[in-house]
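A look at the structure
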Amino acid sequence: RGLCCHDPNQVSIAEAGGITPVVVALTRHCDNSSVCEAACVALWNLAVHDPNQVSIAAAGGIEPVVAALARHGDDSSVCEAACGALGILGGHAANQVSIAE
């Protein structure tokens, strides 16, 4: 969690291929609120670096974040993490349509 809070790490994690495994974990473990929260927080932090917003969308990361929000709407921690991730991802115009759909 803490590694992707720092700008150089956001770049390093993305360059090392770290975005896709987070999206995969979020998708595979969609019933586990703890995994959903952690994955959404990771994507939220990674998305602070603008180019990662495109990379997260390209890795299919928007849909599972929306799904986590819908599935765990009664868990405030998941809601906060998912909304935070979507808020940052929505900063990129190309992602706004995917989020709205």
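Just so we're clear, the structure is a prediction, and the values are computed from it rather than from any experiment.

1. Some thoughts on the overall build of the chain
- For the chain, the count of helices and strands is 7 helices and 0 strands.
- For the chain, the succession of helices and strands along the chain, N to C, is α-α-α-α-α-α-α.
- Dimensions of the chain, computed from C-alpha atoms along their principal axes, come out at roughly 35 × 30 × 20 Å.
- For the chain, the residues scored as buried account for 35% of the 101 residues in total.
- Long-range pairs, those at least 24 residues apart, make up 63% of the contacts in the chain between residues at least 6 apart in sequence.
- Roughly 5,200 Å² of accessible area belongs to the chain as shown, and the carbon and sulfur atoms make up 56% of that amount.

2. A look at the packing of helix α2 (residues 19-28) against helix α5 (residues 62-71)
- Contact pair α2 / α5: the axes reach a minimum separation of 9 Å and the direction vectors enclose 35 degrees. Along this stretch, α2 crosses α5, giving a crossing that reads as left-handed. Contact residues: Val-23, Leu-26 and Thr-27 in α2; Pro-64, Val-65 and Ala-68 in α5.

3. Side note on the nonpolar core
- One finds Leu-26, Cys-40, Leu-43, Ile-56, Val-65 and Ala-68 to be the most contacted residues of the largest nonpolar core, which totals 22 residues.
- Contributing elements (two or more residues each) for this core: α2, α3 (33-46), α5 and α6 (76-89).
- Here the element with the most residues in this core is α3; it accounts for 7 residues.
- The contact partners of Ala-68, leaving out residues within four places of it in the chain, are Leu-26, Cys-36, Cys-40 and Val-78.

4. Brief notes about the confidence of the model for the chain
- Across the chain, the average pLDDT comes to 90, with 93% of residues at or above 70.
- The least confident element of the chain is helix α7 (residues 93-100), whose mean pLDDT is 79; the most confident is α2, at 98.

5. Some points on the environment of Ala-82
- Mapped onto the elements of the fold, Ala-82 is located in helix α6.
- With a relative accessible area of 0%, Ala-82 lands in the buried category.
- Note: C-alpha distance between Ala-82 and Cys-40 (42 residues apart in sequence) is 5.3 Å.
- When near neighbours in sequence (up to four residues on either side) are disregarded, Ala-82 contacts Cys-40, Val-65 and Leu-69.

6. Considerations on the pattern of salt bridges
- Counting across every chain of the model gives 1 salt bridge.
- With a closest N to O distance of 2.4 Å, Arg-71 and Asp-31 form a salt bridge. With Arg-71 in helix α5 and Asp-31 in the loop between α2 and α3, this residue pair connects regions lying 40 residues apart in the sequence.
- You can call Arg-71 partly exposed: its relative accessible area is 46%.
- A relative accessible area of 58% places Asp-31 in the exposed class.

Calculation criteria
For every chain, the first residue of the written sequence is number 1, and numbering continues from 1 onward in sequence order. Where totals are concerned, whole chains, interfaces and linings use all residues; where local detail is concerned, this predicted model gives features only for residues with pLDDT of at least 70, and gives and counts side-chain atom pairs only at 80 or more. The side-chain values count all of the structure's non-hydrogen atoms but skip hydrogen atoms and water molecules. Comment: elements are numbered from the N terminus, with helices defined as DSSP H or I runs of at least four residues and strands as E runs of at least two. Any residue under 20% of the maximum accessible area for its type is buried, any over 50% is exposed, and the rest in between are partly exposed; the area is computed with a 1.4 Å probe on protein chains only. Residues count as neighbours in contact if any of their non-hydrogen atoms are within 4.5 Å of one another. In these tables, accessible area is a Shrake-Rupley quantity obtained with a 1.4 Å probe, and a residue counts as shielded only by the protein chains included in the view. Note on definitions: angles span 0 to 180 degrees between N-to-C directions of axes, and those axes are lines fitted to C-alpha atoms, for helices only across the stretch in contact. Less than a right angle of anticlockwise turn of the near helix away from the far helix marks a crossing as left-handed, whereas a clockwise turn marks it as right-handed. As used here, the term nonpolar core means buried Ala, Val, Leu, Ile, Met, Phe, Trp, Tyr and Cys residues forming a set that is joined through side-chain atoms within 4.5 Å. You can read pLDDT as the predictor saying how much it trusts each residue, on a scale of 0 to 100. By salt bridge we mean one thing: a side-chain nitrogen of Lys or Arg within 4 Å of a carboxyl oxygen of Asp or Glu.

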